[in-house]
Amino acid sequence: MMSIYPWQTYEWQRFMEMQQQDRMPHAILLCGPEGIGLNQFAQTVAMQMLCLSKNEETNSACGICQSCQLYIAGSHPDLNIIEPEEAGKQLKIAQVRELIEYVTLKSFSGKLKIAIIEPADAMNRATANALLKTLEEPPSQSMLFLLSHRPSKLPITIRSRCQRIDFKPSYDQTAAEWLDQEFADANFSADLLLRLAGGGPLKAKVLLEDEQLAFRHTLIKDLRRIAKKNCDPVQIAAHWHTLGLENTLNWLMKIILDLIRLKLLRERANLINLDLKEDLQDLVNSLDLLALVKNYDFVLLKYQQSTGPMNYNPLSILEEIVLHWNNPEIAK
Ligand SMILES: [Zn+2]
């Protein structure tokens, strides 16, 4: 049975209030860090809204009516979810057009038609424009959920037509207890995992499964080898590439920030990679602050480029970063 995650009760409450006061908007933009569980939240709300006999006390979905049965079977005709055909790619304009047609049709239950777009920032300008009219003049029985970890990438015209609900990063006891129950790991405490996952508890699972946490070691070791000019930059870039451009850039930024913190605050530094303090300390001794700041700016710039609308070659971005590490003076 679909339910919200324990750290989502505040946002759930807001939905229940909106419903009770009969002021549910037609389009809602759900935002929050990766791994906060936006999809499951939207789906739980969808199931609740479609349920034909809600629980009188909790107002949640009953789980047994015809609508809930269809929902659980994954075949509710009044719910439509679109996502890119390939992870990380754009949504096609045809997908959005189909979705628009779908919400305009009469609903099966006579109640409501719900659509979920995830991630909404996978719409390019033309696709977003196609959706705009539906957001401006929504069909009366329609309800659109737009999900995004990077809402700033959405056109302002889209953002301004949705009611926005922001999920804050979750570092608290509720999330830590959930993590301990779900993915206890002897090597990493729940607090450390949440910190490394940027406050997205589900992201912690991905970090553990993909061996990304071990990858941080590799990155730090490689940075030391680069600083000592004791390696082939092309080979290092090629290895980083196997772990994905976005991952590599994300971890590099976190590592460089930790190095800057160590440089400035030493023992008082509040590190993200708390478990790697010794390795970071080793590395930081051979680096100067200005070079670190310039390298951070450079990686951030490359991150923005790589997530922007232009197509860059991931491997050459990584090669540029490796070459830049010892020569932060070179022009961007
Ligand atoms: Zn039901």
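For the structure, see preceding data.
Residues numbered from 1 in each chain as written. Predicted model: local features only at pLDDT ≥ 70, side-chain atom pairs only at ≥ 80, totals over all residues. Heavy atoms only, no water.

Draft legend 1. The arrangement of the packing of helix α10 (residues 212–227) against helix α11 (residues 233–242) in detail. α11 packs onto α10 with a crossing angle of 165° between their chain directions and a minimal axis gap of 11 Å. Taken as axis vectors, α10 and α11 run roughly antiparallel relative to one another. Along this stretch, α10 crosses α11, giving a crossing that reads as left-handed. Together, Phe215, Thr218, Leu219, Asp222, Leu223, Arg225 and Ile226 of α10 and Ile236, His239 and Trp240 of α11 make up the contact between the two elements. (Axes fitted to C-alpha atoms, helices over the stretch in contact; angles between N-to-C directions. Helix = DSSP H or I, 4+ residues; strand = E, 2+ residues; numbered from the N terminus. Parallel < 35°, antiparallel > 145°, perpendicular 65-115°, else oblique. Left-handed = near helix turned anticlockwise from the far one by under 90°. Contact = heavy atoms within 4.5 Å.)

Draft legend 2. Just helix α13 (residues 277–284), in detail. Restricting attention to buried positions, one finds in α13 the residues Leu280, Leu283 and Val284. All buried residues of α13 project into a common sector of 95° when viewed along the axis, lining one side. Along its buried surface, α13 packs onto α10, α12 (245–265) and α14 (289–306). (Buried < 20%, exposed > 50% of the residue type's maximum accessible area, 1.4 Å probe, protein only. Arc of directions from axis to C-beta.)

Draft legend 3. Summary view of the pattern of salt bridges. Summed over all chains, the structure comprises twelve salt bridges. A salt bridge links Arg164 to Asp166; the shortest N-O distance between them is 2.9 Å. We classify Arg164 as partly exposed; its relative accessible area is 38%. (Salt bridge = Lys/Arg side-chain N within 4 Å of Asp/Glu carboxyl O.)

Draft legend 4. Main features of a negative patch on the surface. Taken together, Asp172, Glu177, Asp180 and Asp191 make up a surface patch of like negative charges. Here Asp172 shows up in the loop between β5 (163–166) and α7 (173–183). For Asp172, a relative accessible area of 40% gives the class partly exposed. (Patch = residues over 30% accessible without salt bridge, like charges linked within 9 Å, V, L, I, M, F, W, Y side chains within 5 Å. Areas by Shrake-Rupley, 256 points an atom, 1.4 Å probe, with all protein chains shown as cover. Lys, Arg positive; Asp, Glu negative; His and termini not counted. Charge placed at Lys NZ, Arg CZ, Asp CG, Glu CD.)

Draft legend 5. Fine view of the nonpolar core. Within the largest apolar cluster, 83 residues are counted, with the highest numbers of intra-cluster contacts made by Phe15, Leu30, Ile114, Phe145, Trp240 and Leu259. Here this core takes ten residues from α12, the largest share from any one element. Once residues lying within four places of it in the same chain are set aside, the contact partners of Leu259 are Leu280, Leu283, Val284, Leu287, Leu292 and Trp325. Grouped together as the second largest cluster of nonpolar side chains are 23 residues, Leu29, Leu91, Ile117 and Leu154 included. (Core = buried A, V, L, I, M, F, W, Y, C linked by side-chain atoms within 4.5 Å.)

Draft legend 6. Geometry of the sheet that holds strand β1 (residues 27–31). As summarised here, the arrangement of the five strands in space is β2-β3-β4-β1-β5, forming an open sheet in which the pairing is parallel. Taken across any chain shown, the strands that pair with only one partner, and hence form the sheet edges, are β2 (79–82) and β5. Strand-to-strand twist in this sheet, taken as the mean axis angle between neighbours without regard to direction, amounts to 20°. The sheet contact formed by β1 and strand β4 (residues 142–148) spans five bridges and is parallel. Its bridge partner being in β4, Leu30 is matched across the sheet by Leu147. Against the sheet, helix α1 (residues 9–20) touches β1, β4 and β5, its axis set at about 150° to β5. Sheet strands touched by helix α2 (residues 38–50): β1, β2, β3 (113–117) and β4. Its angle to β4, the strand with the most contacts, is close to 170°. (Pairing = 2+ DSSP bridges.)

Draft legend 7. Here's a closer look at the coordination of the zinc ion. Note on the zinc ion: its protein donors are Cys51 (SG), Cys62 (SG), Cys65 (SG) and Cys68 (SG). The metal-donor distances range over 2.3 Å. Viewed at the metal, the four donor atoms of the zinc ion are separated by angles of 104 to 118°, and the geometry they form is tetrahedral. One chain supplies every donor to the zinc ion, and in sequence these donors are spaced C-x10-C-x2-C-x2-C. In this pair, Cys51 is assigned in the loop between α2 and α3 (66–72) and Cys68 in helix α3, connecting sequence segments 17 residues apart. (Donors = N, O, S within 2.8 Å, 3.2 Å for Na, K, Ca; no water. Tetrahedral: all angles 85-135°; square planar, octahedral: opposite > 155°, others 65-115°.)

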